[in-house]
Amino acid sequence: MKHLGGAASALLLTETLRAASAQAGQTPTPTPVPTPAPAGPFTLPALPYGYDALEPSFDAETMHLHHDKHHQAYVNNLNAAVAAHPELAGKSLDELVINWATLPEAARAAVRNNGGGHANHSFWWPTLGKGGAAPSGELAKAIDGKFGTQAAFQDKLTDAAMHVFGSGWAWLVKLPDGSLAIESTPNQDSPLTAGHTPVLGVDVWEHAYYLKYQNKRADYVKAYLNVLNWDYVSGKFAEKA
Ligand code: MN
């Protein structure tokens, strides 16, 4: 093939592009229709109370955004990941969240972030409400045994929540040996991945508090402790004990 000089090849390229765009002009490309997110296999669980049930600690507008938009987005993105990677079909949410690191590399980030987001929020909503001002039964004993007092426990959880850099969660978890621990996870990582069972947790993503509390995360964590449903959390702990 004859070698063309720089100017000549630039001219040839220009002509080629012009021809291509003229041709495209004759047959306009239809506007692409966005593909709707698949409806399953995962679905957004309804809140187990009204959007305004946690007022004034958590305002209804934040609850709508947090549940209807943010949690829904994790569900949609997880369903899209399952649709795009047939090897994920039939796996439960827990299986995906626990084993994300063993999945094909192309699916890992989507499952880690959106599977984690779906699992963490699905766990979280029922732990909120206005049930009981303090832990009871086995959980009360376990917290006292580990932290000394309820106040000391709340201080340690608050400290963990305040020290999450950027977005993430602070948790009270049960370790495989049955003991309690406070830990934090970045982004939407779940304690389940490390084999830790969440007992309760506080979402410290700004989407959880920015509308009402702006940058005042400490005030939001206090508000969280006001709407923690200790009856529910204590009951779940006793069930799994
Ligand atoms: Mn959240």
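The notes below deal with the structure included here. Remember, predicted model here, so these are calculated numbers, not experimental data.

1. Some thoughts on the overall build of the chain
The helix and strand tally for the chain stands at nine helices and three strands. Tracing the chain from N to C terminus, the helices and strands come up as α-α-α-α-α-α-β-β-β-α-α-α. In the chain, which comprises 241 residues, the proportion classed as buried is 27%.

2. Examining the packing of helix H5 (residues 137-147) against helix H9 (residues 230-240)
Following both chains from N to C, one finds H5 and H9 inclined at 90°, their axes separated by 7 Å at the closest point. The angle between the axes of H5 and H9 places the two elements in the roughly perpendicular class. Where H5 abuts H9, its residues Gly137, Glu138, Leu139 and Ala140 lie against Val233, Ser234, Phe237 and Ala238. Broken down by class, the residue content of the contact of H5 with H9 amounts to five nonpolar, two polar and one charged.

3. As for unusual backbone geometry
The omega torsion of the bond from glycine 40 to proline 41 falls at 10°, within 30 degrees of zero and hence cis. Cis rather than trans, the peptide bond between glutamate 55 and proline 56 has omega equal to 0°. Along the chain, the position of proline 56 falls in the loop between helix H1 (6-26) and helix H2 (60-84). With phi around 55°, asparagine 187 is a residue other than glycine that occupies positive phi space. Among the structural elements, asparagine 187 can be located in the loop between strand E2 (180-186) and strand E3 (197-203). On the basis of neighbour counts, which here come to 15 C-beta atoms within 10 Å, the residue asparagine 187 falls in the partly exposed class.

4. Side note on the sheet that holds E3
Consider a sheet: its strands pair through backbone hydrogen bonds, and that pairing is either parallel or antiparallel. Here we have three strands laid out as an open sheet, ordered E2-E1-E3, and antiparallel in their pairing. The sheet terminates laterally at E2 and E3, the two strands that pair on one side only. Ignoring strand direction, the axes of neighbouring strands in this sheet form an average angle of 25°. Taken together, the six bridges between strand E1 (residues 168-174) and E3 define a ladder with antiparallel strand orientation. Among the inter-strand pairings, alanine 170 is bridged to a residue of E3, identified as valine 202.

5. Focus on the pairing of E1
Most of E1 is tucked away, with six of its seven residues classed as buried. By the bridge criterion, seven bridges tie E1 to E2 in an arrangement that is antiparallel. Pairing of glycine 168 across the sheet is with proline 186, part of E2.

6. Brief notes about the nonpolar core
Core analysis: the biggest nonpolar cluster contains 28 residues, and Ala161, Ala170, Val202 and Val233 have the highest contact counts within it. Sort the elements by how many residues they give to this core and E1 lands first, with five residues. If you look at the next biggest cluster of nonpolar residues, it comprises 15 residues, including Val75, Leu78, Ala110 and Leu192.

7. Considerations on H5
All buried positions along H5 are accounted for by Leu139, Ala142 and Ile143. For H5, the arc enclosing every buried residue in end-on projection is 100°, short of the 170-degree limit, so these residues lie on one face. Opposite the packed face of H5, turned more than 90 degrees from it, sit the exposed residues Lys141 and Gly145. Tucked inside the fold, the buried residues of H5 contact helix H6 (150-162), E2 and H9. Note on H5: the residue one or two positions beyond its end, glycine 148, has a positive phi of about 95°.

8. Description of helix H8 (residues 217-227)
Within the sequence span of H8, burial applies to Tyr220, Val221 and Tyr224. For H8, the angular spread of buried residues about the axis comes to 100°, placing them on one side. Buried residues along H8 sit against H6, E3 and helix H7 (210-213).

Conventions we followed
- Residues numbered from 1 in each chain as written.
- Predicted model: local features only at pLDDT ≥ 70, side-chain atom pairs only at ≥ 80, totals over all residues.
- Helix = DSSP H or I, 4+ residues; strand = E, 2+ residues; numbered from the N terminus.
- Buried ≥ 20, exposed ≤ 12 C-beta atoms within 10 Å, placed from the backbone.
- Axes fitted to C-alpha atoms, helices over the stretch in contact; angles between N-to-C directions.
- Parallel < 35°, antiparallel > 145°, perpendicular 65-115°, else oblique.
- Contact = placed C-beta atoms within 7 Å.
- Nonpolar A, V, L, I, M, F, W, Y, C, P; charged D, E, K, R; others polar.
- Pairing = 2+ DSSP bridges.
- Core = buried A, V, L, I, M, F, W, Y, C linked by C-beta atoms within 7 Å.
- Arc of directions from axis to C-beta.

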